Amino acid sequence: MNDRLIKDLQDLIDQYKTYGMVAELYIFYSSDDDDTLKVLKSYNQNVLQTDFNTEQTFVSDEKIDDDIRHQIINQFQLDSLLHSTRSGSFQLFPGVKYGGNWPVEVGHDLLNAINRHILTVVENWAIKEEIDRYKESSSNMIAEMGALHEISRVIDSKENIDSILSYILQRAMDLLKAEAASLMLKIEETNELEFKVVFGPAASQKIKPFRLKVGQGISGWVADHGKPILIPDAYADQRFDPSFDQKTGFKTKSYLCVPMIYKSRIYGVVTLLNRLDGRPFNENDQELLTTFASQAALAIENTQLLQTAIEKERIDKELQVAAEIQRLLIPDQLTNIPDMDIAATYIPCKSVSGDYYDVIKINDNQYVFIVADVAGKGIPGAMLVSNMSAMLKTYLEHSTNLKVIVERLNTRIMLNTTDDRYITFFIALYNVKDKTLTYINAGHNPPLLIDHQQNVTRLKKGGIFIGCLNWTYEQETINIPDNSLLILYTDGLIEAMNSKEEEFGEDKLIGILKDNRTAKSDKIQKKIIKAIYEHVGNTSFEDDFTLILARH
């Protein structure tokens, strides 16, 4: 039983004796998992086990067997023993030795009152436990979010990849309170894993040069299959190989290994050993470590792309790398949303800019639409989009509060970019069940909502673009009527110019949408693209453009 509850019950026992209500009050208790009967006695700071035969079943259907009841009453010279008060997996039985000649009915009432008092103490304890768990959970979430923010900052910094990976692993080890940790990178040429970072007692054993074949052992299996492995008791699991422990003298107890994955590519594995509090790792630990591993993979991806860009001497090579970064961010396939017909396209111009869009499933009832445009060309703009995407997806794993998410994104981008870089940004949370759209427009071209009566609503509510000033953003929730059409786009679409320097314009876009409102989204999209190319003619596009259509 929880030590805190035992202390509260002991205090209650002492109160009854102090007030002279009883000569002695005992609380007998039994666990669902262990039917051994134990007893709490006044002024006794230890939990005592009775001398009863532990092979007997003392409790059945929350009642003590009559023979056992008589044994307890005789052994402790009780005047009364009441039936169960339950606390989680425990059953409690108050026993009283009266301090005087109580009438039967008074003694019975007193014992019932004592039982109710015990139940109140137990319920209060349960509430306190729940509050403590909530506080711990909130504290952990704040620490985790803080760590992820710092990791995003480090990824954006000019630190080398070794320093970044060491920092990520150290933060994971600290937050999850692990005794040891390691990060192994996949060597593509030899299909092996090699230690890159090691922390803990085994770090002094010079194990970094050690390599492991992909598919060999637990870490090799994780790298081969791209799935995590959680082992609460290493030596009780046949998959665990104790040879490493034998070489280093380290004792592995709990084992957690997750893959480092970005865009379906496995870069290596991260492993944690032994929680410092003695408890095994759990699924929450696995989920958090997976997030850290994804950040490490992102850091490697960004570093590799950046190194490739640095090696290129010509600006067109730099633009190719930037285009590749942006291509990786654009979803290959759109998420399906019930009752919605969706189409999207991204048309790059000659000089790569920072258009970005996505449709993310939160759960079966909630979906997020995102469209953004970064000010600036080339690698810096593409890298800013990449980091924004990583931060945004991390935030969405923990919350769907759009106001909090946008304001945190704004703060992080302000800290990590120069004054000439900012992002126009639109985010919306669609609720399938009640057909509502909650959105924030941060300085982006207002998306359009056209209903079945051809009414046009511009989604303007929000604030300025992100990455410029501290700002308190507004959000708005609107209904999405049946047979309506939602259009999200970047400015490159309506600002596409012809040889006379005439823009395509919003009016032409709305005209096409109204004329084809009942058509399927992909057909409307093709008509818009065709109209833009006809308008531009032989003139080159000066800016990328992105278009998302969702017909309800």
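What to know about the overall build of the protein chain
A count of helical and extended segments in the protein chain gives 13 helices and 25 strands. Classification of the 552 residues of the protein chain by burial places 50% in the buried group. A separation threshold of at least 6 residues defines the contact pool for the protein chain, and within that pool the share at least 24 residues apart is 63%. As displayed, the protein chain has an accessible area near 27200 Å², and 47% of this comes from carbon and sulfur atoms.

Looking at a positive patch on the surface
A contiguous patch of positive charge, built from Lys-520, Lys-523, Lys-526, Lys-527 and Lys-530, is present on the exposed surface. As for its position among the elements, Lys-523 is in helix 13 (residues 521-536). On the basis of relative accessibility, which here comes to 53%, the residue Lys-523 falls in the exposed class.

A look at the sheet that holds strand 21 (residues 456-458)
Taking strand neighbours across the sheet as the criterion, the five strands line up as 15-25-24-20-21 in an open arrangement whose pairing is antiparallel. Strand pairing shows two members of the sheet lacking a second neighbour, strand 15 (341-347) and strand 21, which therefore form its edges. Across the sheet, the mean angle separating the axes of adjacent strands is 15 degrees when strand polarity is ignored. Where strand 20 (residues 448-450) meets strand 24 (residues 485-489), three bridges bridge the pair, whose relative direction is antiparallel. In the sheet register, Leu-448 faces strand 24, and the bridge partner there is Ile-487. Set on the sheet, helix 12 (residues 506-515) makes contact with strand 20, strand 21, strand 24 and strand 25 (545-551); between it and strand 20 the angle comes to about 30 degrees.

Side note on the pairing of strand 18 (residues 423-431)
The buried fraction of strand 18 is high, at nine of nine residues. Burial along strand 18 is two-sided: Ile-423, Phe-425, Ile-427, Leu-429 and Asn-431 facing one way and Thr-424, Phe-426, Ala-428 and Tyr-430 facing the other are all buried. Bridge analysis of strand 17 (residues 366-374) against strand 18 gives nine bridges, and the strand direction is antiparallel. Each residue of the ladder has a partner; that of Val-374, found in strand 18, is Ile-423. Where strand 18 folds back on strand 19 (residues 436-442), the antiparallel hairpin that results is connected by four residues, among which Lys-435 adopts a positive phi of roughly 55 degrees.

Focus: the packing of aromatic side chains
If you walk through the whole model with that rule in mind, you get four aromatic pairs. With a centroid separation of 6.2 Å and 70 degrees between ring planes, the pair formed by Phe-240 and Tyr-255 is classed as edge-to-face. Residue Phe-240 is found in the loop between strand 12 (229-231) and helix 6 (243-248), and its partner Tyr-255 is found in strand 13 (residues 255-262); the two are separated by 15 residues along the sequence. There is no split in this pair, since Phe-240 and Tyr-255 are both buried. Members of the aromatic cluster, each reached through a chain of ring pairs, are Tyr-235, Phe-240 and Tyr-255. For Lys-251, the ring lying beneath its charged end belongs to Tyr-235, and the centroid distance is 3.7 Å.

What to know about the confidence of the model for the protein chain
Overall, the predicted model of the protein chain reaches an average pLDDT of 78, with 73% of residues at or above 70. Note on residues 42-62: pLDDT under 50 across the span, and 50 contacts to partners over four residues away in sequence or across chains.

Considerations on the pattern of salt bridges
Taken as a whole and assessed by the stated rule, the structure comprises nine salt bridges. Across the salt bridge formed by Asp-285 and Arg-275, the nearest N and O atoms sit 3.1 Å from each other. Remark: Arg-275 occurs in strand 14 (residues 265-275) and Asp-285 occurs in helix 7 (residues 283-311); sequence separation between them is 10 residues. Of the two residues examined, Asp-285 and Arg-275, each falls in the buried class. One salt bridge connects Lys-393 with Asp-358, and the closest N-O pair in it is separated by 3.6 Å. Placement of Lys-393 in helix 9 (residues 378-398) and of Asp-358 in strand 16 (residues 354-363) is noted, with a sequence separation of 35 residues between them. Looking at Lys-393, the relative accessible area reads 33%, which means it is partly exposed. According to the relative accessible area criterion, Asp-358 is buried, its value standing at 8%.

Quick notes on helix 10 (residues 402-416)
With 15 residues, helix 10 should cover 21 Å at 1.5 Å per step; its first-to-last C-alpha distance of 21 Å lies within 8% of that length. Turning to helix 10, its buried residues number three or more, namely Leu-402, Ile-405, Val-406, Leu-409, Asn-410, Arg-412 and Ile-413. Put simply, Asn-401 is the residue that caps the front of helix 10, since its side-chain oxygen is 3.2 Å from the backbone nitrogen of Lys-403.

Here's the deal with the sheet that holds strand 11 (residues 211-213)
What links the strands of a sheet is backbone hydrogen bonding, and the strands pair in either a parallel or an antiparallel sense. Strand order in the open sheet made by the six strands is 11-10-9-14-13-12, with antiparallel pairing throughout. Edge positions in the open sheet fall to strand 11 and strand 12, since each of these has one partner strand only. Averaged over all pairs of adjacent strands, the angle between strand axes in this sheet comes to 25 degrees, irrespective of strand direction. Across seven bridges, the pairing between strand 9 (residues 178-187) and strand 14 is antiparallel. For Ser-182, the partnering residue across the bridge sits in strand 14 and is Thr-271.

Some remarks on helix 12
Taken together, the buried positions of helix 12 are occupied by Leu-509, Ile-510, Ile-512 and Leu-513. Each buried residue of helix 12 sits inside an arc of 160 degrees when the element is viewed along its axis, so together they form one side. Exposed residues lying more than 90 degrees from the buried face of helix 12 are Asp-507 and Asp-515. The inward-facing, buried residues of helix 12 abut strand 20, strand 21, strand 24, helix 11 (491-494), helix 13 and strand 25.

Quick look at the nonpolar core
Counting residues in each nonpolar core, the largest one holds 31 residues, and the members touching the most others are Leu-165, Leu-183, Met-260, Val-270, Leu-272, Leu-289 and Ile-300. Elements supplying a minimum of two residues to this core: helix 4 (161-175), strand 9, strand 13, strand 14 and helix 7. In terms of residue count, helix 7 provides more of this core than any other element does, nine residues in total. Membership of the second largest hydrophobic core comes to 26 residues, among which are Ala-372, Met-388, Leu-409 and Leu-429.

Thresholds, definitions, all that
Residues numbered from 1 in each chain as written. Predicted model: local features only at pLDDT ≥ 70, side-chain atom pairs only at ≥ 80, totals over all residues. Heavy atoms only, no water. Helix = DSSP H or I, 4+ residues; strand = E, 2+ residues; numbered from the N terminus. Buried < 20%, exposed > 50% of the residue type's maximum accessible area, 1.4 Å probe, protein only. Contact = heavy atoms within 4.5 Å. Areas by Shrake-Rupley, 256 points an atom, 1.4 Å probe, with all protein chains shown as cover. Patch = residues over 30% accessible without salt bridge, like charges linked within 9 Å, V, L, I, M, F, W, Y side chains within 5 Å. Salt bridge = Lys/Arg side-chain N within 4 Å of Asp/Glu carboxyl O. Lys, Arg positive; Asp, Glu negative; His and termini not counted. Charge placed at Lys NZ, Arg CZ, Asp CG, Glu CD. Pairing = 2+ DSSP bridges. Axes fitted to C-alpha atoms, helices over the stretch in contact; angles between N-to-C directions. Phe/Tyr/Trp six-rings, centres within 6.5 Å; stacked < 30°, edge-to-face > 60°. Lys NZ or Arg CZ within 6 Å of the ring centre and 35° of its normal. pLDDT = per-residue confidence, 0-100. Expected span 1.5 Å × (residues − 1). Polar contact = N/O pair within 3.5 Å; in protein donor to acceptor, adjacent residues only side chain to side chain. Arc of directions from axis to C-beta. Core = buried A, V, L, I, M, F, W, Y, C linked by side-chain atoms within 4.5 Å.

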